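What follows is the residue order along each chain.
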Amino acid sequence: MSALQEKARELLASAAVQVVIGYGRGSGGAARAVFIREATKAGDLVFDGTCLQNLAVYLMKPEVRKLGKAALVVRPATLRTILQLAAENQIAENSLLALVPSAEEIVLLATFAAIEAHVAALDSDLSTAEKAELQRFTALGLDERRRFWEEQFSRCLKCYACRAACPLCYCTRCTVECNQPQWIPVPAHDLGNLEWNVMRAMHLAGRCVNCGDCSRACPVGIPLYLLNQKLVSDVFTGFNSRSGISARSDNALSTFKPNDPEDFIR
Ligand code: SF4
Ligand code: SF4
């Protein structure tokens, strides 16, 4: 039994948690989310380079919440998501444990303070490859960038897989489902697609933790990560703010100060 499986078995057997949310093998050997509720099933857990999904998306599902206290197998972006959800008052202290798999041991983080300390020790910046791609994209002129996104979004199917994959897209009723008034057209056509994707990007600005799951979920391969990384970078440059580093931080685009020099905001 691996260290991860043993830790999960121990937590379930002692009733420290009621469910372990981790990765298992799905059809064809692909990694998929599993919800282990019995200590005897802990052997189903796996963790390797194919386990990419941000499992924090399940923390917002009512059917998962009602299972009880959860231990969540985490990657760095999952930890940042937990902190961001806590900062948005979506999850409570003591409602979960984070299990960080490493080659030597399983690190168990039981408090938001412990998660903050762990995240602070990680490199929260973009990788060298991500920075290079972002620089290439940012170097394009405004017209080129607009043409690039118009072409990309023209392929959008309005399937909303990006929304379903995103742990921070948790509204119970999304603007695209409102029809009185109909803010965003239902069919997949150029104008509606642009509106949908720009609206989603704006709602995630200052909140996105750059986990990449929306891009991986997109069936037509729209590089949503590029848009998200640009906004992560712009929010940091403009507001000196990074999402997912504190359980108590304010969001750059949803807070204001009464003494803000701009009149329009008051
Ligand atoms: S990268 Fe995509 S899925 Fe992940 S938090 Fe940002 S918008 Fe959501
Ligand atoms: S996953 Fe891709 S195709 Fe589906 S709505 Fe999102 S951007 Fe459009």
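Residues numbered from 1 in each chain as written. Chains lettered and ligands numbered in written order. Predicted model: local features only at pLDDT ≥ 70, side-chain atom pairs only at ≥ 80, totals over all residues.

A. The arrangement of the site of ligand 2 in detail. Ligand 2 sits among 13 residues. The nearest are Cys-156, Cys-159, Ala-161, Cys-162 and Cys-218. Along the lines of polarity and charge, the residues of the shell around ligand 2 split into 11 nonpolar, 1 polar and 1 charged. (Near = placed C-beta within 6 Å. Nonpolar A, V, L, I, M, F, W, Y, C, P; charged D, E, K, R; others polar.)

B. Spotlight on the packing of helix α3 (residues 76-87) against helix α4 (residues 112-120). Across the interface, α3 lies against α4 with an axial gap of 10 Å and an inter-helix angle of 135°. Taken together, α3 and α4 sit at an angle that is classed as oblique. The hand of the α3/α4 crossing is left-handed. Contacts between α3 and α4 involve Leu-79, Arg-80, Ile-82, Leu-83 and Ala-86 from the first element and Phe-112, Ile-115, Glu-116, His-118 and Val-119 from the second. (Axes fitted to C-alpha atoms, helices over the stretch in contact; angles between N-to-C directions. Helix = DSSP H or I, 4+ residues; strand = E, 2+ residues; numbered from the N terminus. Parallel < 35°, antiparallel > 145°, perpendicular 65-115°, else oblique. Left-handed = near helix turned anticlockwise from the far one by under 90°. Contact = placed C-beta atoms within 7 Å.)

C. Quick peek at the pairing of strand β3 (residues 70-73). On β3, burial covers both faces: Ala-70 and Leu-72 on one face and Ala-71 and Val-73 on the other are all buried. With 3 bridges joining them, strand β1 (residues 19-25) and β3 adopt parallel strand pairing. Bridge pairing in β3 links Val-19 to Ala-70. For the handedness criterion, the β-α-β arrangement of β3, α3 and strand β4 (residues 96-101) is classed as right-handed. (Buried ≥ 20, exposed ≤ 12 C-beta atoms within 10 Å, placed from the backbone. Pairing = 2+ DSSP bridges. Right-handed = clockwise from strand over helix to strand, strands pointing away.)

D. Expanded view of helix α8 (residues 190-204). Between its first and last C-alpha atoms α8 spans 21 Å; for 15 residues at 1.5 Å apiece the expected length is 21 Å, and the two agree. Three or more residues of α8 are buried, namely Asn-193, Trp-196, Asn-197, Arg-200 and Leu-204. Take α8 and look down its axis: the buried residues cluster within an arc of 85°, on one side only. Along α8, exposed side chains directed more than 90 degrees from the buried face belong to Leu-191 and Met-202. Here the buried face of α8 lies against α6 (142-153), α7 (161-165) and α10 (224-239). In the segment just after α8, Gly-206 is the residue with positive phi, at about 85°. (Expected span 1.5 Å × (residues − 1). Arc of directions from axis to C-beta.)

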